[in-house]
Amino acid sequence: MSELSKIMSTDVERLYMDQHDALQDHVIDTLRGIIDDITERDYQSVYRKLAYSAAGDGYGSENHFINFNWTEKDDPTDIGEAISTLMNLLEKGQQ
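Thresholds, definitions, all that
Residues numbered from 1 in each chain as written. Predicted model: local features only at pLDDT ≥ 70, side-chain atom pairs only at ≥ 80, totals over all residues. Heavy atoms only, no water. Core = buried A, V, L, I, M, F, W, Y, C linked by side-chain atoms within 4.5 Å. Buried < 20%, exposed > 50% of the residue type's maximum accessible area, 1.4 Å probe, protein only. Helix = DSSP H or I, 4+ residues; strand = E, 2+ residues; numbered from the N terminus. Contact = heavy atoms within 4.5 Å. Expected span 1.5 Å × (residues − 1). Arc of directions from axis to C-beta. Polar contact = N/O pair within 3.5 Å; in protein donor to acceptor, adjacent residues only side chain to side chain. Axes fitted to C-alpha atoms, helices over the stretch in contact; angles between N-to-C directions. Parallel < 35°, antiparallel > 145°, perpendicular 65-115°, else oblique. Left-handed = near helix turned anticlockwise from the far one by under 90°. Nonpolar A, V, L, I, M, F, W, Y, C, P; charged D, E, K, R; others polar.

### Comments concerning the nonpolar core
As a rule of thumb, soluble globular proteins bury nonpolar side chains together. In this structure, Leu 23, Val 27, Phe 68, Ala 82, Leu 86 and Leu 89 together form the largest nonpolar core, which totals 6 residues. Within the residue set of this core, elements represented by two or more residues are helix H2 (12–39) and helix H4 (79–93).

### With respect to the environment of His 26
Positionally, His 26 belongs in helix H2. In this structure, the C-alpha to C-alpha distance between His 26 and Thr 85, residues 59 residues apart in sequence, is 12 Å. Sequence-distant contacts of His 26, defined by excluding residues within four places in its chain, comprise Phe 68, Asn 69 and Trp 70.

### Side note on H4
The end-to-end C-alpha distance of H4, which contains 15 residues, comes to 21 Å, matching closely the 21 Å that a straight helix rising 1.5 Å per residue would cover. When we look at burial in H4, the residues that qualify are Ala 82, Leu 86, Leu 89 and Gly 93. Taken down its axis, H4 places every buried residue within 70° of arc, on the same side. Seen from the buried face of H4, the exposed residues on the opposite side, beyond 90 degrees, are Met 87 and Glu 91. Buried-residue contacts for H4 involve H2. For H4, the capping residue at the N-terminal end is Asp 78, with a side-chain oxygen 3.1 Å from the backbone nitrogen of Gly 80.

### Some words on the packing of H2 against H4
Put simply, H2 and H4 touch, their axes get as near as 8 Å, and they point 155° apart. Judged by the inter-axis angle, H2 sits roughly antiparallel to H4. As H2 runs across H4, the sense of the crossing is left-handed. Between H2 and H4, the residues in contact are Glu 13, Tyr 16, Met 17, Gln 19, His 20, Leu 23, Gln 24 and Val 27 and Ile 79, Ala 82, Thr 85, Leu 86, Leu 89, Leu 90, Lys 92 and Gly 93, respectively. Looking at the contact of H2 with H4 residue by residue, the classes come out as 9 nonpolar, 5 polar and 2 charged.

Right under this line is the structure:
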């Protein structure tokens, strides 16, 4: 089967589930990496994996969060966005 034939016959629901599974693995690997670094007391490594979020409005508080970004661009992704994407992919893959 040619590459084009494979692409043209791709099952969309299967593609959603493949994306879901890859993102799920990425989230789990990211969390395991943080756990391993903390266990090994490698706090600098943990700090490098964090993203910074400024308050922006002058009233809120600044914070750091685990960055789950899976793209090449510098676009920090927090756990809420990662989980939301997982839920959407799962829903679409089960239709």
